[in-house]
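# Survey of secondary and tertiary structure
Chain residues, written in single-letter form:
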Amino acid sequence: MATQTTASCTGSTLLQPISDIINLPVDQVNFVACQLFALLMAVWFRIYLHPSKTSPFIRHVVATLLGFYLALFCFGWYSLHFLVQSGLSYSVMVFAGLEHMHKYCFIVTLGYLISCQITRVYVFDYGMYSADFTGPMMVITQKITSLAFEIHDGKTSLKGVCVRMPTLLEYLSYNCNFMGILAGPTCSYNDYMAFIEGTCYQPHHQENANGKENGKYKQSEPSSKNDVISKLCTCAISLGIYLSLCTLLPVEHSINDGFVSSTPFHLQVIYLYLAMLALRPKYYFVWTLADAINNAAGFGFNGYNKDGSPRWDLISNLRILDIEFATSFKMFLDNWNIQTALWLKRVCYERCRINPMAATFLLSAMWHGVYPGYYLTFLTGIAMTMAARAVRHNIRPYFQGSDSHKRIYDVMTWAGTQVAISYTVAPFVLLAVGPSLKFYRSWYYCLHLLCLLVVLALPVKSRRLQAKEQQDGLKDNQADHNSTDNNCNQKEKAT
């Protein structure tokens, strides 16, 4: 067992003895160890390389070199792919014309990511669950394409604000800094530059007891200590729950022939929900730890609350309570992997003219990888989203008459959302076609059929059509208002 684990690891084997003791793959041990090291370096980075003491050049250099060191420790020579992907995309940005630069950059960056995913999955280690070098490349892909679109939009006077092409050092620092090289999250280039240059902390008005500004400014730099400690506690709890339950409630057990034949269907539904509930803390641990690392370095400040306390959720990737108590499919997705959802919205949903929802789900599947289960999950997600919209627009109004009816609706939609999410995500965990289809058969494709019936029975206008109708309605109201004003003016003149 230990020999196989060592052979499958492309990074350092220095921590192999610890891996053998705790019975976890060494690459996962390397990942956690590097993230804890990054947390310590983040504290050191904020104290000793503070913007008031150190130039942006030095901060860029240190952040980049530390990032490369962590990548080499975890992934060995495979981390060179991070440089190749960044170098190719930077060349596209430099030499391609502004009009199509973002499109070429998107194709090259995503294409290189997919080629690496194909090689890793179908050439080397199909079905490997442990850490792999394409994980960081997924985040780098988001950063590269986000920057390309920001530059294009800024130069063409659209919605972006980035109008300056970064230097190569700034570019590598943004993509490969030690705070986000292993687990992200993705962030805006302008936000990252503000952090490096020390301009992300803006003075704010203090409020008096009545909640009104008293004209005084709070000059001290906000502290992230409380937020970092809180997030580290969340990490510890999440890791403990995951390690305790992941082996007791494996998702694969839900397609076991003996389990399916001997277990009533309603208990199969409950088991799948509990299995997914036990799996999610792994992601809570990884993303919350990544957020804590960035906050410890001073990155992630997002202004102040009404009571004057600082907010450190600029690049947070999830809201756990909103996920676990989500009462709609959309609410779950909006609070899960938040930065990826924002990236998909910016680069695809807001720009695609034909069926943006389906295009966004398809892009998400391509970005995640080449396992067939990913595509089954996101194709099912399209049907789930359409059905959820139909239910919300047609059924929800009947439950808004009283508080008790609202609570009943919330309970029903919470249960439905959790079952729908578990059903949708099962192929994402099972990965292969055979187990995924076996799972669907064990559930008799019931939610697929239910979604089809709901969409056919409760049609809903597309959001673009609704937005257009609202805009037309506003124009009509404005026209009526102007007509009324003209009539009033004519009457005044006549009198």
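As recorded in an unreviewed UniProt entry, the protein chain goes by Membrane bound O-acyltransferase domain containing 2 and comes from Cyclopterus lumpus.

Here the focus is the packing of aromatic side chains. Overall, the coordinates contain 38 aromatic pairs when judged by the stated rule. When the ring of F75 is compared with that of F82, the centres are 6.0 Å apart and the planes differ by 80°; the resulting orientation is edge-to-face. The same class applies to F75 as to F82, namely buried. Taken together through their ring pairs, the aromatic side chains of F45, Y174, F178, Y189, Y192, F195 and F299 make up a single cluster. R59 extends its terminal NZ or CZ atom over the ring of F195, reaching a point 5.0 Å from the ring centre. Of note, K143 hangs over the ring of Y174, and the distance from its end group to the ring centre comes to 5.6 Å.

Inspection of every chain in the model, using the stated rule, returns nine salt bridges. Close ionic contact of E170 with R164 constitutes a salt bridge, the shortest N to O distance being 3.1 Å. Residue class for R164 comes out partly exposed when judged on its relative accessible area of 39%.

As a further point, take the nonpolar core. In terms of nonpolar packing, the biggest core is built from 90 residues, with F82, M93, F178, I181, Y192, F195 and L363 touching the most fellow members. Ranked by residues supplied to this core, first place goes to helix α6 (residues 101-124) with nine residues. In contact with F82, not counting residues within four places along its chain, are A71, F75, F133, P136, M137, I140, C176 and I181. Residues V269, A387, W443 and L447 belong to the second largest nonpolar core, which totals 33 residues.

As a further point, take the side chain of S79. Topologically, S79 is positioned in the loop between α4 (56-75) and α5 (80-95). One polar contact links the side chain of S79 to the main-chain carbonyl oxygen of G76, over a distance of 2.6 Å. Setting aside its immediate chain neighbours within four residues, S79 contacts A71 and L72.

This paragraph deals with the packing of helix α16 (residues 356-368) against helix α17 (residues 372-394). Between α16 and α17, whose axes approach to 9 Å, the crossing angle comes to 155°. The angle between the axes of α16 and α17 places the two elements in the roughly antiparallel class. In this structure, the crossing between α16 and α17 has a hand that is right-handed. Where α16 abuts α17, its residues M357, A358, F361, L362, S364, A365, M366 and H368 lie against Y374, Y375, F378, G381, I382, T385, M386 and R389. Grouping the amino acids of the contact of α16 with α17 by side-chain chemistry returns eleven nonpolar, four polar and one charged.

Turning next to the confidence of the model for the protein chain. The predicted coordinates should not be examined in detail at positions where pLDDT is low. On average, residues of the protein chain score 88 in pLDDT, and 85% of them reach the 70 mark or higher. Under a pLDDT of 50 for its full length, residues 1-7 has, in the predicted model, seven contacts with residues more than four places off or in other chains. Low pLDDT, under 50, characterises residues 204-218; the predicted model gives this stretch 22 contacts beyond four residues in sequence or across chains.

Cut-off values and rules
- Residues numbered from 1 in each chain as written.
- Predicted model: local features only at pLDDT ≥ 70, side-chain atom pairs only at ≥ 80, totals over all residues.
- Heavy atoms only, no water.
- Phe/Tyr/Trp six-rings, centres within 6.5 Å; stacked < 30°, edge-to-face > 60°.
- Buried < 20%, exposed > 50% of the residue type's maximum accessible area, 1.4 Å probe, protein only.
- Lys NZ or Arg CZ within 6 Å of the ring centre and 35° of its normal.
- Salt bridge = Lys/Arg side-chain N within 4 Å of Asp/Glu carboxyl O.
- Core = buried A, V, L, I, M, F, W, Y, C linked by side-chain atoms within 4.5 Å.
- Helix = DSSP H or I, 4+ residues; strand = E, 2+ residues; numbered from the N terminus.
- Contact = heavy atoms within 4.5 Å.
- Polar contact = N/O pair within 3.5 Å; in protein donor to acceptor, adjacent residues only side chain to side chain.
- Axes fitted to C-alpha atoms, helices over the stretch in contact; angles between N-to-C directions.
- Parallel < 35°, antiparallel > 145°, perpendicular 65-115°, else oblique.
- Left-handed = near helix turned anticlockwise from the far one by under 90°.
- Nonpolar A, V, L, I, M, F, W, Y, C, P; charged D, E, K, R; others polar.
- pLDDT = per-residue confidence, 0-100.

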